Amino acid sequence: MIPYIRAREIGLTFRPKNREPVRAIKGLDVEVGRGEFVTLVGPSGCGKSTFLNIVLGLLRPDTGEVQIDGRRITGPGPERAMVFQEFGLLPWRTVLANVELGLELRAVPAAERHRRSLELIQMVGLTGFERHYPHELSGGMKQRVGLARALATDPEVLLMDEPFAALDAQTRDLMQTELLQIWEKSKKTVLFVTHSIEEAAYLSDRVVIISARPGRTKEIIKIDLPRPRDYEMRLTPQFNDLKLRIWETIKEELLVRAG
Amino acid sequence: MGLGAFYDQHPRLILGVASIAVLEGAWELLLTYVVAYNPFFLTKPSLIAAAFNQQIIQGKLWKDIAISSRAFALGLALAILVGIPIGAVMGWRRRVEYALDPLLTALYASPLVALAPVLIIAFGVGLTAKAALVFLLSVFPFVFNTFAGVRATDRVLINVVTSFGGKERDLYLKVILPSTLPYIVAGARLAIGRALVGILVGEFYAASEGIGFAISQFGDTYRLAEMFSGILVLCIAAVALTEALRKLERVVAPWSAEQTSR
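This text gives an overview of the structure that appears in the document. (Residues numbered from 1 in each chain as written. Chains lettered and ligands numbered in written order. Predicted model: local features only at pLDDT ≥ 70, side-chain atom pairs only at ≥ 80, totals over all residues. Heavy atoms only, no water.)

1. Comments concerning the overall build of chain A
The number of helices and strands found in chain A is 7 helices and 10 strands. Radius of gyration (C-alpha) of chain A: 18 Å, near the 18 Å computed for a compact globule of 259 residues. Taking the principal axes of its C-alpha atoms as reference, chain A extends roughly 55 × 45 × 40 Å. The burial tally for chain A puts 54% of its 259 residues in the buried class. Pairs at least 24 residues apart make up 69% of the contacts formed inside chain A by residues separated by at least 6 positions. For chain A, the exposed area adds up to about 11700 Å²; of that, 50% sits on carbon and sulfur atoms. Between the centroid of the 38 positive side chains of chain A and the centroid of its 35 negative side chains there is a distance of 5 Å. (Helix = DSSP H or I, 4+ residues; strand = E, 2+ residues; numbered from the N terminus. Rg over C-alpha atoms; globule rule 2.2 N^0.38 Å. Buried < 20%, exposed > 50% of the residue type's maximum accessible area, 1.4 Å probe, protein only. Contact = heavy atoms within 4.5 Å. Areas by Shrake-Rupley, 256 points an atom, 1.4 Å probe, with all protein chains shown as cover. Lys, Arg positive; Asp, Glu negative; His and termini not counted. Charge placed at Lys NZ, Arg CZ, Asp CG, Glu CD.)

2. Some points on the overall build of chain B
Helix and strand content of chain B: 12 helices and 0 strands. Listing every helix and strand of chain B by position from the N terminus yields α-α-α-α-α-α-α-α-α-α-α-α. With the C-alpha coordinates of chain B rotated into their principal frame, the extents come out at 75 × 60 × 30 Å. Looking at the 262 residues of chain B, the share that counts as buried comes to 40%. Look at the contacts in chain B between residues 6 or more apart in sequence, and 70% of them connect residues 24 or more apart. For chain B, the exposed area adds up to about 14300 Å²; of that, 70% sits on carbon and sulfur atoms. The positive charge centre, built from 21 side chains, and the negative charge centre, built from 16, are 7 Å apart in chain B.

3. Points about the side chain of Ser163 of chain B
Position of Ser163 of chain B relative to the elements: it lies in helix H8 (residues 155–163). Polar contacts involving the side chain of Ser163 of chain B include one to the main-chain carbonyl oxygen of Val160 of chain B, which spans 2.8 Å. Residues contacting Ser163 of chain B, with those up to four places away along its chain left out, are Leu56, Leu58, Pro76, Phe84 and Arg106 of chain A. (Polar contact = N/O pair within 3.5 Å; in protein donor to acceptor, adjacent residues only side chain to side chain.)

4. A few points about helix H1 (residues 48–56) of chain A
Among the 9 residues that make up H1 of chain A, 8 are buried, leaving the element largely enclosed by the rest of the structure. One or two steps after H1 of chain A, the chain reaches Gly57 of chain A, where phi turns positive at roughly 100°.

5. Describing the pairing of strand E3 (residues 37–41) of chain A
Residue and element names in this part refer to chain A. In terms of burial, E3 is a largely internal element, 5 of the 5 residues being buried. Neither face of E3 is left uncovered, since the one carrying Phe37, Thr39 and Val41 and the one carrying Val38 and Leu40 both have all their residues buried. Relative to strand E8 (residues 189–193), E3 runs parallel, the two being bridged by 4 bridges. Of the residues in E8, the one forming a bridge with Leu40 is Val193. Across 4 bridges, the pairing between E3 and strand E9 (residues 206–210) is parallel. Along E9, the bridge assignment pairs Leu40 with Val208. (Pairing = 2+ DSSP bridges.)

6. Concerning the sheet that holds strand E2 (residues 22–32) of chain A
Across a sheet, strands are paired by hydrogen bonds formed along the backbone, either parallel or antiparallel in direction. All names here are of chain A. Taken together, 4 strands build an open sheet; the order of strands is E2-E1-E4-E5 and the sheet is antiparallel. Of all the strands in the sheet, just E2 and strand E5 (71–72) have a single pairing partner and so form its edges. Bridge count for strand E1 (residues 5–14) against E2 is 7 bridges, and the pairing is antiparallel. When the sheet's bridge partners are listed, Leu12 is paired in E2 with Ile25.

7. With respect to the nonpolar core
One finds Val30, Phe51, Leu147, Leu191 and Ile246 of chain A to be the most contacted residues of the largest nonpolar core, which totals 94 residues. When residues of this core are assigned to their parent elements, the largest contribution, 7 residues, is made by helix H4 (residues 139–152) of chain A. Other than its neighbours up to four places away in sequence, Leu147 of chain A contacts Val83, Val124, Leu158, Met160, Leu179 and Ile182 of chain A. Membership of the second largest hydrophobic core comes to 43 residues, among which are Ala188, Ala214, Phe218 and Leu234 of chain B. (Core = buried A, V, L, I, M, F, W, Y, C linked by side-chain atoms within 4.5 Å.)

8. Things to note about the interface of chain A and chain B
On the chain B side, the residues contacting the 23 residues of chain A number 20 residues. Its largest share of buried area at the contact with chain B, chain A owes to Trp92, Leu105 and His135 of chain A, together 38% of the area lost on that side. The closest approach of N and O atoms between Lys174 of chain B and Glu104 of chain A, which form a salt bridge, is 2.6 Å. Applying the counting rule to chain A against chain B returns 3 residue pairs in polar contact (both at pLDDT 80 or more). At 4 residues, the largest contribution of residues to the side of chain A that touches chain B is made by helix H2 (residues 95–105) of chain A. Within the side of chain A that touches chain B, the residues separate by chemical class into 14 nonpolar, 4 polar and 5 charged. (Buried area = accessible area lost by both parts, 1.4 Å probe. Salt bridge = Lys/Arg side-chain N within 4 Å of Asp/Glu carboxyl O. Nonpolar A, V, L, I, M, F, W, Y, C, P; charged D, E, K, R; others polar.)

As structure tokens, then:
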């Protein structure tokens, strides 16, 4: 299989003024097949969000390169869209206008972006809230807007930076299940970042475990569980075995940091 | 509609009016029944109302109001046109901030009304000097609030717009400007108060017409009720402008107006 996203030998050091440089990632390799759901997990500060921003094209790596479909990326592009951790909604825009943002920036005609946005608002279950402002929505609803906004531009790759971290546990479970349903329908390639082992195991085809800072690829674990997956699957022994494997790999890294 | 229902719908209006009515009533009663007052030093609401009726309703002060309004509008418009761009550039360019911040902060903090005589020497008695004083007093809230607004712009939103292919122009129009707007409106609220002081001081110092001139004339001739009717005009102007601003905020920044009114 030729990977759709191929990130090789990615390294990035932050050099803040008047402070010690921070080596965020070093030698990170990730490959994602077309339509695959891959999740990065690792201890906090391991550079997984930084890596996602590199793939998005907001940050340039010092070493290595990211290719998508064989082309090296140099900046943001229409084939990629991000779902942000703290939602990143524009507070002065209604739900509809927020979902339209990406289409607007790509100069899609008003009628077309309207139609497309309404379609996605329905898909994420927010029909009736088109004219609401973000501050009138719950966290779960805000992230539905974030998801609809990313999907509106019809990207090949969906990048998700701890999208459910700010949500309460029940909303989170619900959103995970809905994300899987949307993903199975749309067949997007997903690169997902989380610090939740459970979330990684539940959603992914493969889980990439990143080492403690500077982050590099430590291990890749294939999640060989049947799809479609549902909440009950999380109670099976196979699922818990996988969680344990991921946990044990991450634990070594946590101990490295502590020691 | 019963009184209770009317109250439930307009608690802000009713409580606001009520506190004014109580103060005026107490003032009136105190001077009518309790304190034997000398009309050279004190006056009371009923006399002010009569003077207000005479001066305003019958039109003697209108000319002064029109003259003062011109200087007020001119100075304030200039403050907006100059203050907002300076604040925006200071917020966006670190070096401009470093260069201008100490200077502007010093000016903002100092009692600029002291410059009134200088302005009158420079521009003569009349519209220009008054507008200049209004400008000097009201420009700083626009500068500093615009600066704070630009600086407070959420980096994440810049990233969001960039990631969807936004260019620098999009960042200004779709993120920085709307995120700064509520700060500018808050600045305008401060600026209006300072601009009214500017008009008044300008006309106290040197003028032959205008509301400030009228107030100081009445004061000098011990016509207290008339003097207060002039002050009342300023109060009404201040309240009306602030209310207009609140309405404007609801139109241009509904997301923040709703949050702050709660």
